[in-house]
Amino acid sequence: MPRQEYQNSLESLRDDVLYMSELVAERLRMGLDALEQKDGELAQQVIEGDGEINRMYLELEQECINLIALQQPVASDLRFIAASFKLTTDLERIGDLATNLAGYATEADRDVFPEVDIQQIGDETLDMLETAMRAYAQEDADLCRSVADRDDEVDAMCEAASEMVVRDLIEADPFGEEDLDAEAYMTDISRLLLTIRDLERVGDHAVNIAARSLYMTEDDDELLY
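Residues numbered from 1 in each chain as written. Predicted model: local features only at pLDDT ≥ 70, side-chain atom pairs only at ≥ 80, totals over all residues. Heavy atoms only, no water.

Looking at an unreviewed UniProt entry, one finds the chain named Phosphate-specific transport system accessory protein PhoU, with Halogeometricum pallidum JCM 14848 as its source organism. The record in UniProt for the chain states the following under Subcellular location (unreviewed entry): "Cytoplasm". Quoted verbatim from the Subunit (unreviewed entry) field of UniProt, the annotation for the chain is "Homodimer." (UniProt positions renumbered as here; feature names shortened; annotations may be inferred.)

Concerning the UniProt feature "domain: PhoU" (unreviewed entry) in the chain
UniProt feature "domain: PhoU" (unreviewed entry): in the numbering of this structure it lies at residues 20-102 and 118-211. Along residues 20-102 one finds 94% helix and 0% strand; the C-alpha atoms at either end are 19 Å apart. (Helix = DSSP H or I, 4+ residues; strand = E, 2+ residues; numbered from the N terminus.)

Remarks on the nonpolar core
Proteins that are soluble and globular tend to have nonpolar side chains buried together. Judged by nonpolar contacts, the single largest core of 70 residues is most densely connected at Leu-91, Leu-129 and Met-133. Among the elements of the structure, helix H1 (3-37), helix H2 (40-71), helix H3 (75-107), helix H4 (118-138), helix H5 (141-171) and helix H6 (182-218) are those that each provide at least two residues to this core. Take this core: its biggest share by element is 14 residues, from H1. Those residues within four positions of Leu-91 in sequence are excluded, and the remaining contacts are Val-17, Met-20, Ser-21, Val-24, Leu-129, Met-133 and Ile-209. (Core = buried A, V, L, I, M, F, W, Y, C linked by side-chain atoms within 4.5 Å. Buried < 20%, exposed > 50% of the residue type's maximum accessible area, 1.4 Å probe, protein only. Contact = heavy atoms within 4.5 Å.)

Quick look at the environment of Asp-39
Examined against the element boundaries, Asp-39 turns out to sit in the loop between H1 and H2. Here Asp-39 falls in the partly exposed class, since its relative accessible area comes to 26%. A sequence separation of 19 residues divides Asp-39 from Leu-58, and the C-alpha atoms of the two residues are 30 Å apart. Within the structure, the side chain of Asp-39 is placed 2.9 Å from the backbone nitrogen of Leu-42, a separation counted as a polar contact. (Polar contact = N/O pair within 3.5 Å; in protein donor to acceptor, adjacent residues only side chain to side chain.)

Structure representation (structure tokens):
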């Protein structure tokens, strides 16, 4: 493969990864909106679209394998291809988590613990993802580190939200209320805790993307471990 064609292939890979990230971010936003609005139709769009993200992941995986096998890249090119390969895995898993959120939206029929601001947590994790992908696109080491720094804040938000739910559940007596379906109430609580957990995982995957982007940019593995 001539040199210019090889460089074009590398740029095409970057563009394809960025397109996948835009699609994943859109699905995450839709999942959050479906959850907030209890919009079953919107949730179903996210669920049905998961196959598209999975197919894109497999195509990008093959694209990376072909570049490594056929071109035997070294140094910065190899780091770029390897980072692209690894972070598409994180993008695919974020897509799965967006599908989880959509699934919760189709099952929830009432608000429990409205004081837990799921949308705020979701907005933070979505912004972390978008910042991590800008770091990848621009090869910006400072942006990579900023994503890792924000993860502690998101973890603290998720921990505080989970503790609030558990504490209130222990201290309150919701089952003393008339006409309360105890089983349905506990299912709603479990779903809320799973939502918090899944959003925390989105943040973790954003950090993974930032870590791989930093390694790609500066051959620095400080965020990988």
